[in-house]
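# Coordinates in review
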Protein chains: 2
Amino acid sequence: MNEETLQQALRTADNLCTQRGVRFTAQRRRVLELICRAERPIGAYEILDQLRAGAKAAPPTVYRALDFLLEQGFVHKLETLHAFIGCTHPEHPHASQFLICSDCGRVKELEDEAIAGSLRALEDANGFRPKRPVIEVIGTCAHCTHRHTQS
Amino acid sequence: MNEETLQQALRTADNLCTQRGVRFTAQRRRVLELICRAERPIGAYEILDQLRAGAKAAPPTVYRALDFLLEQGFVHKLETLHAFIGCTHPEHPHASQFLICSDCGRVKELEDEAIAGSLRALEDANGFRPKRPVIEVIGTCAHCTHRHTQS
DNA sequence: TCGTTTTCGGAATATTATAACCCCTGGGGA
DNA sequence: TCCCCAGGGGTTATAATATTCCGAAAACGA
């Protein structure tokens, strides 16, 4: 994420927090910034290490900020990686799908209506009330597949 | 899983191992049995505790058996729970979806063609080569929803 | 300003997973 | 027969991820 996009993301988060009556504290802002600056999903302890460069910090510091950011929908947790990424459209709640490249480590966040629809149908057929869908596909991205073919 | 189903599952696993030229050792059999006997997903350390009731055991013992059972497709790992369940149809490879009830803890394994299809479409559109899809929905099952409505 | 709630610091500990090393056993070939 | 060697497994230690708990400080609301 480039500098401009980052600043935009932080402003958006700030505005949403104001709207929602919750506090976008310096700590939370710093953690969101670290996650957004990372090109790839970043682990809680990596965030911790970076926080420690500036001040003292312990695991709960990071996990508290992460809990907040997850609740507000500013970041997503990738369960298969135990890592976090910034959300690409935090304005509205949504169920995303993630394509995770195990080669380069990059992740693509998607919001596909067909998948959301068939998932809804499946849930309805089973009388199941969804709270949190987790859809992550581990594989190889187009770029890495192409790279392998060439060499 | 009742006793008969359990025995059937163990026989199936045994046969598949013979077909595939891999060894269904006593250790692996025991771990599969413990997983199948559990009504709910069971964690690696719960399995370990149960193994310890009969003999000495350490984490690698369990994780080695789990790795084998996962490779052979005899069990599934639920990433959101860090826990394992027996596969309901280990004969053929497949991508399943899991409906996880956060109330009673039970899990339903499904193989829905519509979801598999839209996921494939999504992957194709992005030039992504899937290796392992993870689809887990956390929510409330029909039974628990009904129970809440009554009381 | 006072009292309440939320946030934060920090130590300790829980939970999940892997690394590294060694030994044993069973099967194949010289 | 002997040797080797590959897979399986025992054991200790440690890594990686996450939470609990206590108490102080800061922010908010009346």
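Quick look at the structure, then. (Residues numbered from 1 in each chain as written. Chains lettered and ligands numbered in written order. Predicted model: local features only at pLDDT ≥ 70, side-chain atom pairs only at ≥ 80, totals over all residues. Heavy atoms only, no water.)

All right, on to the pairing of strand β4 (residues 107-110) of chain A then. All names here are of chain A. Of the strand pairs in this sheet, strand β3 (residues 97-101) and β4 are connected by four bridges, and their pairing is antiparallel. Bridge pairing in β4 places L99 opposite K108. In textbook terms, the turn of a hairpin is the stretch between consecutive antiparallel strands, and for β3 and β4 this stretch comprises five residues, one of which, G105, has a positive phi near 85 degrees. (Pairing = 2+ DSSP bridges. Helix = DSSP H or I, 4+ residues; strand = E, 2+ residues; numbered from the N terminus.)

Residues and elements named next belong to chain A. For helix α2 (residues 26-37), built from twelve residues, the straight-helix expectation of 16 Å at 1.5 Å per residue is met to within 8% by its first-to-last C-alpha distance of 16 Å. Looking only at α2, the buried set comprises V31, L32, L34, I35 and C36. Looking at the packing, one finds that the buried side of α2 touches α1 (3-20), α3 (44-54), α4 (59-71), β1 (75-78) and β2 (83-86). (Expected span 1.5 Å × (residues − 1). Buried < 20%, exposed > 50% of the residue type's maximum accessible area, 1.4 Å probe, protein only. Contact = heavy atoms within 4.5 Å.)

Residues and elements named next belong to chain A. Mapped onto the elements, A13 comes out in helix α1. Residues A13 and P90 lie 77 residues apart in sequence; the distance between their C-alpha atoms is 7.8 Å. If near-sequence neighbours (up to four positions away) are discounted, A13 is found in contact with F24, L32 and F74.

Quick look at the protein's contact with DNA strand C now. For DNA strand C, the set of nearby residues contains 14 residues, the closest of which are T25, Q27 and R64 of chain A together with Y45 and K77 of chain B. The contact in question runs from a phosphate oxygen of DNA strand C to an N or O atom on the side chain of H82 of chain B, over 3.4 Å. Residues of the surface near DNA strand C, tallied by class, amount to five nonpolar, four polar and five charged. (Near = heavy atom within 4 Å. Polar contact = N/O pair within 3.5 Å; in protein donor to acceptor, adjacent residues only side chain to side chain. Nonpolar A, V, L, I, M, F, W, Y, C, P; charged D, E, K, R; others polar.)

This structure, assessed with the given rule, holds four aromatic pairs over all chains. With 6.4 Å between their ring centres and 90 degrees between their planes, F24 of chain A and F74 of chain A make a pair best called edge-to-face. Of this pair, F24 of chain A sits in the loop between α1 and α2 while F74 of chain A sits in the loop between α4 and β1; the two residues are 50 residues apart in sequence, bridging distant segments of the chain. This pair shows no difference in class: F24 of chain A is buried, exactly as F74 of chain A is. Relative to Y63 of chain B, the ring of Y45 of chain B lies with its centre 6.4 Å away and its plane at 65 degrees, an arrangement referred to as edge-to-face. Here the residue Y45 of chain B occupies a position in helix α3 (residues 44-54), and Y63 of chain B occupies one in helix α4 (residues 59-71), the gap between them amounting to 18 residues. Among the residues examined, Y45 of chain B registers a relative accessible area of 48% and is labelled partly exposed. When the ring centre of F68 of chain A is taken as origin, the NZ or CZ atom of R28 of chain A, which lies over that ring, is 3.8 Å away. (Phe/Tyr/Trp six-rings, centres within 6.5 Å; stacked < 30°, edge-to-face > 60°. Lys NZ or Arg CZ within 6 Å of the ring centre and 35° of its normal.)

What follows deals with the side chain of Q97 of chain A. Relative to the assigned elements, Q97 of chain A resides in strand β3. Here D112 of chain A takes part through its backbone nitrogen, which lies 2.8 Å from a polar atom of the side chain of Q97 of chain A. Setting aside residues up to four positions removed in sequence, Q97 of chain A forms contacts with K108, E109, L110, E111, D112, I115 and I135 of chain A together with L122 of chain B.

Turning to the pattern of salt bridges, a few remarks are in order. Applying the stated criterion across every chain yields a total of twelve salt bridges over all chains. Close ionic contact of R37 of chain B with E33 of chain B constitutes a salt bridge, the shortest N to O distance being 2.9 Å. Separated by four residues within a single helix, R37 of chain B and E33 of chain B lie in helix α2 (residues 26-37), roughly one turn from each other. R37 of chain B gets classed as partly exposed once you look at its relative accessible area, which sits at 40%. Here E33 of chain B falls in the partly exposed class, since its relative accessible area comes to 22%. Of the charged contacts in the structure, one is a salt bridge between R120 of chain B and E113 of chain B, with a shortest N-O distance of 3.2 Å. Look at R120 of chain B and you get partly exposed, because its relative accessible area is 44%. Overall, the relative accessible area of 55% leaves E113 of chain B in the exposed class. By sharing partners, the salt bridges in this structure join E3, E33 and R37 of chain A into a single network. (Salt bridge = Lys/Arg side-chain N within 4 Å of Asp/Glu carboxyl O.)

Keep in mind these values describe shape, not function.
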